[in-house]
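Residue-level structural notes
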Amino acid sequence: MQNLDIAQTLTRLADLLEIQGANPFRIRAYRNAVNTVNGLSRQLASMVEAEEDLTELPGIGDSVAKHIEELLKTGKITRLEEVSAEFPESLVELMRLDGVGPKKARKLFDELDVRTVDDLERQLESGAVETLDGFGKKSAQKIRLAIEDHRKHVGRFRIHEVEELVAGVLEYMVGAPGVEQIEVAGSLRRRKETIGDVDILARCEGDGTPVVEYFTGYDGAARIEGSGPTKGSIVLHSGLQVDLRVIPTRSFGAAMQYFTGSKEHNVTVRTHAVREGLRVNEWGVFRLPEGADPAELGKEDGERIAGTTEEEVYAALGMSWVPPVLRENRGEVDLALKHDLPRLIELDDLHGDLQMHSTWSDGKVSVEDMVLACQELGYEYMAITDHSQAMAMVQGLTPERAREQWKEIEEVRARVDGIEILRSVEIDILKDGALDMPDEILDQLDVVVVSVHSLMDQDETTMTRRVLKAIQHPSVDILAHPTGRIINRREPFAINLEEVLVAAAELEVAVELNANPNRLDLSDVHVHRAKELGVPVVISTDAHSPDGLRNMRFGVDQARRGWLGPDDVLNAKSLADFKAWLGRRA
Ligand code: DGT
Ligand code: CA
Ligand code: CA
Ligand code: ZN
């Protein structure tokens, strides 16, 4: 069981206790523990195995430590079972809806026997909710919208969560009997920003039953969804489903191709194959006998011409191997047939990171510590982009404090060699498109990054005008997180991005692809559009700690999904070339 599973289970317990109306101090103790668990670099499972004392960790007291040990040893927490006997666990989902919360969830349960989001929806329709004490028409409408949002996200996990959740399964599967290879397929291999379920393939000759049995015996499985001789499905404690398929070597490449998807990509590949008199399925590529009716044939009938490796499968169809990130049926099949796929950006192509925060605003460490962390990553340059003063709750920089920060940057420059520290500020785009920093400061920054953090509910016309006005300012270099979305939590704000991208191309303003896996803002489709329009893209981590700098790879995956090559990405430029770009208006 992974730390994330443990954290999520403890959170569920804290949520249920809150619905129950338990002692707030107890609840806070659980939430503190969750914080600690989320920040741990080691696995609790191995600490417990080594009989280490968990109470030595900050924020973990006796009773939480006991719960964690019980969870790791038995797969459950008795306390959680007790509380959920009283209040169904589905209420947790309910209380997380915007406009509900623990008290209202409890009220809905007590008064209307609402247990699930579906129940709630029905009661909203019947008009019962708005007549409840403390609800009313307005609050009912807010909940309706929250349910709508919730429906869009339900069941999909963000990619970084999935990586963490599935790591234990993959490690465990290496020990499966008779298995020679374990690979990830599906949307996770295509590096989609959210993942419905995880698809893994095990290479194994002969009967797959023991492999599937071993798989369903994984101790992090909360339930078994299915099991048979060639496939099995489990659901982890987090609710994430993992599907396993057992495949023989002769078909492994074909199965990888099939189960990597996307479905749409596969359909286009198959249509092309049929034109060539070939058939592709998860078993291989086959030449059909003259005049045969495909409907009458078995899965492996015909002359097998490929199947062991994916390269071989694509080659048999006259195509270049297609990187999984491109398999979305957006024109990649045609280009693969012409052997003309784009060269995609890689993590190693990047020379710098152009958005991060320090303790001058909401970052966790000093400028110097961020610089040292960037140096360790091998960057040639970096920009410190603390917030501007409109972000008062995080001590955004006033012009005076910006100047003070420059002094500190000067000192760090003197101490640290080999990396260029660029002066910057992540400047708020104010209500009407004005920038939250006077021109004389803007003139002295090396890089000017602008972004929207307030009034995100403006209508599309107002928001578009606001952002357009901001990027027309002659000092602006980069428009950061252009849609403001937080995946699974906040929808993109209303904005005509096409208009913004067209203007950015004209104005020679770059757009950011925020690499934080909670944001990945821009989306793959918009990144692709930026490329088409010739808008330079910057992949930045927006890190608030040295750890956060490591999110760059998620941004790179997203950039690849948007077809970007090194030439499309501004921070793939060398320092000299990047500086030349910064001087483009001089
Ligand atoms: P997800 O799980 O929603 O994030 O997305 P995927 O792409 O992982 O979808 P999933 O798990 O339903 O299926 C994995 C792959 O298996 C999918 O990308 C393509 C392949 N596949 C599944 N069902 C079909 C199907 O009915 N037809 C075809 N051609 N391929 C399928
Ligand atoms: Ca999947
Ligand atoms: Ca699946
Ligand atoms: Zn920001």
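These figures come from a predicted structure and were not determined experimentally.

A look at the layout of surface pockets
Space inside the second largest pocket adds up to approximately 280 Å³. For the second largest pocket, the lining is made up of 15 residues, of which Tyr258, Phe259, Gly261, Ser262 and Lys263 are closest to its centre. Among the secondary structure elements, those contributing two or more residues to the lining of the second largest pocket are helix 11 (186-189), helix 13 (252-260) and helix 14 (263-275). Of the residues contributing to the lining of the second largest pocket, the split by class is 2 nonpolar, 7 polar and 6 charged. Each of domain 2 (157-247) and domain 3 (256-337) contributes no fewer than three residues to the lining of the second largest pocket.

Some details on the packing of helix 10 (residues 159-173) against helix 12 (residues 209-216)
At a minimum axis separation of 10 Å, helix 10 and helix 12 run at an interaxial angle of 140 degrees. Looking at the two axes, helix 10 sits oblique to helix 12. Considering only the axes of helix 10 and helix 12, their crossing is right-handed. Of helix 12, the residues touching helix 10 (which contributes Val169, Tyr172 and Met173) are Val211, Tyr214 and Phe215. Of the residues assigned to the contact of helix 10 with helix 12, the class counts are 6 nonpolar, no polar and no charged.

Describing empty space enclosed by the protein
Sizing a probe to match a water molecule and rolling it over the atoms shows the empty space that remains. Following the criterion strictly, the structure yields 1 cavity of 30 Å³ or more and no others. A volume near 50 Å³ is recorded for the largest cavity. Of all the secondary-structure elements, those providing two or more residues to the lining of the largest cavity are helix 13, helix 14 and strand 8 (278-281). With 3 residues, helix 14 is the largest single contributor of residues to the lining of the largest cavity. Looking at side-chain class alone, the lining of the largest cavity contains 3 nonpolar, 3 polar and 2 charged residues.

Overview of the pattern of salt bridges
Following the criterion strictly, the structure yields 38 salt bridges and no others. Residues Asp119 and Arg122 are paired through a salt bridge, measuring 2.8 Å at the closest nitrogen-oxygen approach. One end of the pair is Asp119 and the other is Arg122, both in helix 8 (residues 117-126) and 3 residues apart, which spans about a single turn. When its relative accessible area of 53% is taken as the criterion, Arg122 is described as exposed. Among the salt bridges present, the one from Arg403 reaches Glu440, with a minimum N-O distance of 2.7 Å. Remark: Glu440 occurs in helix 19 (residues 439-442) and Arg403 occurs in helix 18 (residues 399-415); sequence separation between them is 37 residues. Residue Glu440 is classed as partly exposed on the basis of its relative accessible area of 46%.

Observations concerning the coordination of the calcium ion (ligand 3)
Taken together, the protein ligands of the calcium ion (ligand 3) are Asp197 (OD), Asp197 (OD), Asp199 (OD) and Asp243 (OD), with distances of 2.3 to 2.7 Å. Sequence positions of the residues that donate to the calcium ion (ligand 3) give the spacing D-x1-D-x43-D.

Considerations on the site of ligand 1
Around ligand 1 there are 16 residues in total, and Arg156, Ser187, Gly196, Asp197 and Arg270 lie nearest to it. With respect to ligand 1, the side chain of Ser187 contributes an N or O atom lying 2.5 Å from an oxygen atom. Between ligand 1 and Arg190, the relevant distance is 2.9 Å, taken from an oxygen atom to a side-chain nitrogen or oxygen of the residue. Here ligand 1 loses 72% of its free accessible area of 590 Å² to cover by the protein chains. If you map ligand 1 onto the pockets, it falls in the second largest pocket. Among the elements of the structure, helix 11, strand 4 (197-203), helix 13 and helix 14 are those that each provide at least two residues to the shell around ligand 1. A breakdown of the residues in the shell around ligand 1 according to their chemical character gives 3 nonpolar, 7 polar and 6 charged. Residues lining the shell around ligand 1 come from more than one domain, with at least three contributed by each of domain 2 (157-247) and domain 3 (256-337).

Overview of the coordination of the zinc ion (ligand 4)
Within the protein, Glu426 (OE), His453 (NE2) and His481 (NE2) serve as the donor atoms for the zinc ion (ligand 4), at 2.0 to 2.2 Å. Counting residues between consecutive donors of the zinc ion (ligand 4) along the chain gives the motif E-x26-H-x27-H. Residue Glu426 is located in strand 13 (residues 420-428), and its partner His481 is located in the loop between strand 15 (478-479) and helix 21 (497-507); the two are separated by 55 residues in the primary sequence. Both residues of the pair, Glu426 and His481, belong to the buried class.

Overview of the domain arrangement of the protein
Taken domain by domain, the protein consists of domain 1 (3-153), domain 2 (157-247), domain 3 (256-337) and domain 4 (347-582). Here the C-alpha centroids of domain 1 and domain 2 sit 27 Å apart. The interface is formed by 6 residues belonging to domain 1 together with 6 residues belonging to domain 2. Taken over both partners, the interface formed by domain 1 and domain 2 buries close to 630 Å², and the fraction arising from carbon and sulfur atoms is 47%. When the buried area of domain 1 at its contact with domain 2 is split by residue, Leu4, Asp5 and Gln8 rank highest and sum to 68% of it. The interface formed by domain 1 and domain 2 holds 0 residue pairs in polar contact (both at pLDDT 80 or more) in total. Across the side of domain 1 that touches domain 2, the residue classes break down as 1 nonpolar, 3 polar and 2 charged.

Thresholds applied
- In every chain, residue numbers begin from 1 and rise along the written sequence.
- Whichever chain is written first becomes A and whichever ligand is written first becomes 1, with later ones labelled in order.
- With pLDDT at 70 or above as the cut-off, local features in this predicted model cover only qualifying residues; side-chain atom pairs require 80 or more to be listed or tallied, and sums for whole chains, interfaces and linings still use all residues.
- For side-chain calculations, the full set of non-hydrogen atoms in the structure is used, while hydrogens and water are omitted.
- Only protein atoms enter the 1 Å grid used here. Points where a 1.4 Å probe fits but cannot escape make up a cavity, open sets with protein on both sides within 12 Å along at least five of seven lines make up a pocket, and a residue lines them when an atom lies within 4 Å of a point.
- Grid points are joined across faces, edges and corners, and a volume is the space filled by probe spheres set on the points.
- A run of H or I in DSSP becomes a helix once it reaches four residues, and a run of E becomes a strand once it reaches two; helices and strands are each numbered from the N terminus.
- Each residue gets one label: Ala, Val, Leu, Ile, Met, Phe, Trp, Tyr, Cys and Pro are nonpolar, Asp, Glu, Lys and Arg are charged, and the others, such as Gly, are polar.
- Boundaries of every domain are those given by an automatic assignment or by a domain database.
- All axes are obtained by fitting lines to C-alpha atoms, using only the stretch in contact for helices, and the reported angles, taken between N-to-C directions, cover 0 to 180 degrees.
- To sort the angles, those under 35 degrees are grouped as roughly parallel, those over 145 as roughly antiparallel, those from 65 to 115 as roughly perpendicular, and the leftovers as oblique.
- Take the far helix as the reference: if the near one is turned anticlockwise from it by less than a right angle, the crossing is left-handed, and if turned clockwise, right-handed.
- Every residue pair with non-hydrogen atoms within 4.5 Å of one another is taken to be in contact.
- Each reported salt bridge corresponds to a side-chain nitrogen of Lys or Arg within 4 Å of a carboxyl oxygen of Asp or Glu.
- Three labels apply to residues, based on accessible area from a 1.4 Å probe with only protein chains included: buried if under 20% of the type maximum, exposed if over 50%, partly exposed otherwise in between.
- Distances decide who is a donor: an N, O or S atom must be within 2.8 Å of the metal, or within 3.2 Å for Na, K and Ca. Water is not included, so sites may look incomplete.
- Here, proximity means that at least one heavy atom of the residue falls within 4 Å of the molecule or strand.
- Each polar contact in these results corresponds to two N or O atoms within 3.5 Å; when the atoms are within protein, one needs to be able to donate a hydrogen and the other to accept it, and residues that are neighboring in sequence are counted only if both atoms are side-chain atoms.
- The Shrake-Rupley method, run with a 1.4 Å probe, gives the accessible areas here. Residue values count only the displayed protein chains as cover.
- The way we define it, a molecule is inside a pocket or cavity when more than half of its atoms are within 2 Å of that pocket's grid points.
- Defined here as a combined quantity, buried area equals the accessible surface (1.4 Å probe) lost by two parts on assembly, summed across both.

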